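Residue-level structure breakdown
Each chain, letter by letter, is given below.
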Amino acid sequence: MKSPILYLVIPCYNEENVLNLTAPMFLDKVKLLVKQKKISAKSKVLFVNDGSKDSTWQIIEQLSASDKTYCGISLSRNRGHQNALLAGLMEAKDKCDITVSLDCDGQDDINAVDKMVEEYLNGCDIVYGVRSSRKSDTFFKRTTAQGFYKFLKFMGVETVYNHADYRLMSSSVLSELAKFEEVNLYLRGLVTLVGFKSTCVYYERNERIAGESKYPLKKMISLALDGITSFSVKPIRLITNFGLLVAFISLIGIVWSVVIALMGNSVSGWASTVSIVCFLGGIQLLSIGIIGEYVGKIYLETKHRPKYIIEKKTND
Ligand code: UDP
Ligand code: MG
């Protein structure tokens, strides 16, 4: 088998503090693998600038000028990690045999790429990078993230436990991925849907080398909501089931109130009435909210807006 062309696809958003530190690590890894003849000399490190407001794009341009293994594309504005990643993968799709997507902050241990490439050469089309532990996370991030994976499973969404977006994909997987047109992107879910032969490679997740997390709680919640509502209608089904339960209880309530009235004790009961009204009001609003979330998704999907716009590329 000819050695495959590998593209490392690395989304970057306001990463001027870390890019100059981690870029050489990516480059060294690619060069080493080329030297070991595991990958082709045409392999590249592709940065995706996700509309950064700092000097990230200038750094990417400087890097590209310094070594032709580096290249980059720049999105016209910030579109979020998932869109930026997809932009990079689609850019790489026709130029390479395999991509490995990873964060630019050094958290995804670059040494796992060796094993990923090996698994590809053994015949796997997707290799998931799975964290062997979450020691480097804060207590908050660890519990919310793991709770989220369990919740997704409960909702019937198939995902790989403790796998984020560090993964190898072959060009055949990428061509299939390109056919998914949805704008509410949750790549982890999509990739498992694509199928193909896959396996996991375990790695120790490090701390961020420099800079701050670009995933504040708000973005994490929005990703989580996308993950659930793009892949599962179970929340709506739960509402239906709950509605049935409440209807059944109401039936008992009606019988009960009629009996009380017939017995002539119908004056008291203010507290119970108010509680029932409040409870049902809350449940109804929550249910409308959940259904609204899906309607909103449909609204966004029908527009068929582009997920990202590439404004600039480094001349590779
Ligand atoms: N990122 C991006 N666009 C965004 C937010 C993040 O491209 O709007 C990139 C970021 O530069 C990094 C990766 O996504 O390479 C993961 O983000 P981060 O490390 O901040 O997330 P965390 O590891 O804290 O979950
Ligand atoms: Mg990170």
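Below, the structure is looked at part by part. (Residues numbered from 1 in each chain as written. Chains lettered and ligands numbered in written order. Predicted model: local features only at pLDDT ≥ 70, side-chain atom pairs only at ≥ 80, totals over all residues. Heavy atoms only, no water.)

1. A word on the site of ligand 1
The local shell around ligand 1 holds 19 residues, among which Glu 15, Asp 50, Asp 105, Ser 213 and Lys 214 are the closest. With respect to ligand 1, the side chain of Asp 50 contributes an N or O atom lying 2.6 Å from a nitrogen atom. In the model, a nitrogen atom of ligand 1 is placed 3.4 Å from a nitrogen or oxygen of the His 81 main chain. Taking a 2 Å distance to the grid points as the criterion, the majority of the atoms of ligand 1 fall inside the largest pocket. Across the shell around ligand 1, the residue classes break down as 5 nonpolar, 5 polar and 9 charged. (Near = heavy atom within 4 Å. Polar contact = N/O pair within 3.5 Å; in protein donor to acceptor, adjacent residues only side chain to side chain. 1 Å grid on protein atoms, 1.4 Å probe; cavity = no way out; pocket = protein on both sides within 12 Å on 5 of 7 lines; lining within 4 Å. Sits in = over half its atoms within 2 Å of the grid points. Nonpolar A, V, L, I, M, F, W, Y, C, P; charged D, E, K, R; others polar.)

2. Brief notes about helix 2 (residues 56-66)
Buried residues of helix 2: Thr 56, Trp 57, Ile 59, Ile 60, Leu 63 and Ser 64, and no others. Along helix 2, the residues classed as buried sweep out an arc of 155° about the axis, all on the same side. The exposed set on the far side of helix 2, more than 90 degrees from its buried face, consists of Gln 62, Ala 65 and Ser 66. Residues of helix 2 that are buried in the fold lie against strand 1 (6-12), helix 1 (16-35), strand 2 (44-49), strand 3 (70-75) and strand 8 (310-313). (Buried < 20%, exposed > 50% of the residue type's maximum accessible area, 1.4 Å probe, protein only. Helix = DSSP H or I, 4+ residues; strand = E, 2+ residues; numbered from the N terminus. Arc of directions from axis to C-beta. Contact = heavy atoms within 4.5 Å.)

3. Digging into the sheet that holds strand 3
The 8 strands lie next to each other as 7-5-6-4-1-2-3-8, forming an open sheet whose pairing is mixed. Two strands close off the open sheet at either side, each with one partner strand: strand 7 (198-203) and strand 8. Each strand axis lies, on average, 25° off the axis of its neighbour in the sheet, ignoring direction. Alignment of strand 5 (residues 126-131) against strand 7, held across 6 bridges, turns out to be parallel. By the bridge assignment, Val 127 is partnered in strand 7 with Thr 199. (Pairing = 2+ DSSP bridges. Axes fitted to C-alpha atoms, helices over the stretch in contact; angles between N-to-C directions.)

4. What about the pairing of strand 5?
Counted residue by residue, strand 5 has 6 buried out of 6 residues, so it is predominantly covered. The pairing of strand 5 with strand 6 (residues 163-170) spans 4 bridges and is classified as antiparallel. For Val 127, the partnering residue across the bridge sits in strand 6 and is Leu 168.

5. Topic: the coordination of the magnesium ion (ligand 2)
Looking at the magnesium ion (ligand 2), the protein donor atoms are Asp 105 (OD) and Gln 107 (OE1), and they sit 1.9 Å from it. Gln 107 shares its class with Asp 105; the two are buried. (Donors = N, O, S within 2.8 Å, 3.2 Å for Na, K, Ca; no water.)

6. A short note on the layout of surface pockets
Space inside the largest pocket adds up to approximately 990 Å³. Taken together, 41 residues form the lining of the largest pocket, with Asp 103, Lys 141, Arg 205, Ser 213 and Tyr 215 sitting closest to its centre. Elements with a contribution of two residues or more to the lining of the largest pocket: strand 1, helix 3 (81-93), helix 5 (139-154), strand 6 and helix 8 (217-229). Considering each element in turn, the lining of the largest pocket owes the most residues, 6 residues, to helix 8. (Points joined across faces, edges and corners; volume = space filled by probe spheres on them.)

7. Some details on the side chain of Glu 182
Locating Glu 182 in the fold gives a position in the loop between helix 6 (171-177) and helix 7 (187-194). Salt bridges are absent for the buried Glu 182, whose nearest opposite-charge side chain, Lys 307, sits at 7.9 Å. In this structure, Glu 182 is in contact with Leu 190, Ser 230, Glu 301 and Lys 307, ignoring residues within four places of it in sequence. (Lys, Arg positive; Asp, Glu negative; His and termini not counted. Salt bridge = Lys/Arg side-chain N within 4 Å of Asp/Glu carboxyl O.)

8. Overview of the packing of helix 1 against helix 2
Helix 2 packs onto helix 1 with a crossing angle of 20° between their chain directions and a minimal axis gap of 9 Å. With respect to helix 2, the axis of helix 1 lies roughly parallel. Considering how the two elements wind past one another, helix 1 and helix 2 form a crossing that is right-handed. Contacts between helix 1 and helix 2 pair Glu 16, Leu 19, Asn 20 and Ala 23 from the former with Thr 56, Ile 59, Ile 60 and Leu 63 from the latter. Residue classes in the contact of helix 1 with helix 2 are distributed as 5 nonpolar, 2 polar and 1 charged. (Parallel < 35°, antiparallel > 145°, perpendicular 65-115°, else oblique. Left-handed = near helix turned anticlockwise from the far one by under 90°.)

9. Overview of unusual backbone geometry
Residues other than glycine seldom take positive phi values, yet Asn 162 does so here, at roughly 60°. Judged by relative accessible area, Asn 162 falls into the buried class, the value being 7%. The phi torsion at His 304 lies on the positive side, around 50°, for a residue other than glycine. On the accessibility criterion, His 304 (58% relative accessible area) is exposed.

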